[in-house]
Amino acid sequence: MNRPIENISGNAWLCAEMFVTLHRSVEWGALIRAPHSVFNKLFMIDKKIVKTLVDEWLTGKDYFLVGIEISQDDKIVVEIDHAEGVWIEDCVELSRYIEDHLSRDEEDYELEVGSAGLGQPFKVPQQYINFIGKEVEVMDSEGKKIKGILTNVDGDDFTVTVREKVKVEGKKRPELQDVVHEYQMDKVKYTKYIIDFK
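Residues numbered from 1 in each chain as written. Predicted model: local features only at pLDDT ≥ 70, side-chain atom pairs only at ≥ 80, totals over all residues. Heavy atoms only, no water.

Q: Even after reading the chapter, I still don't get the nonpolar core, so can you show me in this structure?
A: If you look at soluble globular proteins, the nonpolar side chains tend to sit buried side by side. V50, V54, I76, V78 and I98 are the most contacted members of the largest nonpolar core, which totals 22 residues. Breaking this core down by element, the ones donating at least two residues are α1 (47-58), β4 (64-70), β5 (75-81), α2 (88-101) and β6 (110-115). No other element matches the five residues that α1 contributes to this core. Those residues in contact with V50 that lie beyond four places of it in its chain are I45, I68, I70, I76, V78 and L102. (Core = buried A, V, L, I, M, F, W, Y, C linked by side-chain atoms within 4.5 Å. Buried < 20%, exposed > 50% of the residue type's maximum accessible area, 1.4 Å probe, protein only. Helix = DSSP H or I, 4+ residues; strand = E, 2+ residues; numbered from the N terminus. Contact = heavy atoms within 4.5 Å.)

Q: Help me out: how do you make sense of the sheet that holds strand β11 (residues 188-193) in this one?
A: Within the open sheet, the five strands sit side by side as β10-β9-β8-β7-β11. Their pairing is antiparallel. With one partner strand each, in any of the chains shown, β10 (175-184) and β11 form the two edges of the open sheet. On average, each strand axis in the sheet is tilted by 40 degrees relative to the strand beside it, whichever way the strands run. Here strand β9 (residues 157-166) pairs with β10 via ten bridges, running antiparallel. By the bridge assignment for β10, V162 is matched with V179. (Pairing = 2+ DSSP bridges. Axes fitted to C-alpha atoms, helices over the stretch in contact; angles between N-to-C directions.)

Q: Could you clarify how one ought to interpret α1 in this entry?
A: Note: α-helices contain 3.6 residues per turn, so residues at a spacing of three or four share the same orientation. Compared with an ideal rise of 1.5 Å per residue, which puts twelve residues at 16 Å, α1 spans 16 Å between its outermost C-alpha atoms and is within 8% of the ideal. Those residues of α1 not exposed but buried are V50, L53, V54, W57 and L58. Buried residues of α1 fall within an arc of 135 degrees about the axis and therefore sit on the same side. Turning to α1, the residues buried within the fold contact β4, β5 and α2. Looking at the residues trailing α1, positive phi occurs at G60, about 85 degrees. (Expected span 1.5 Å × (residues − 1). Arc of directions from axis to C-beta.)

Functional significance is not addressed by these values, which are geometric in nature.
Structure representation (structure tokens):
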């Protein structure tokens, strides 16, 4: 049975066609690492090629791409996500798919495939959509933080409803009311899900 990565703690070791190591943490997410042999670096791997391969694998699946990073020494990091969590077996499958289509004869590389870590800043609109109705923290462009419920996402715009004390005309004491804050994704420093350990 497939198991979501979020339900697995500690280290798990998998043996298949390659040596795979899994580590899951709230801060760093889940990583599937495929080791590599070392030889002289000739060319950097094209990020567009890797994205094309990931998009091919994603076709027909409910996963979505969060990000791809490639360092100068050709360490490839691919992050995917899913509304119901990321499964170990799917990370392994995507890792193998990429390896099957990238020639190590032409360029050596190190490959990591995993989930976006819980509690990490959102990177793509789909992450905002997945967390509608959940409590999030937002830091705006001026460095001000608020915590509230992510209530709506429309394109690059989103709203967060915060329970705040508001001065009401005719009353001596402020009253708690729901106040809607509107933001644009590219105009905030970060938005992230607040993990409730209760």
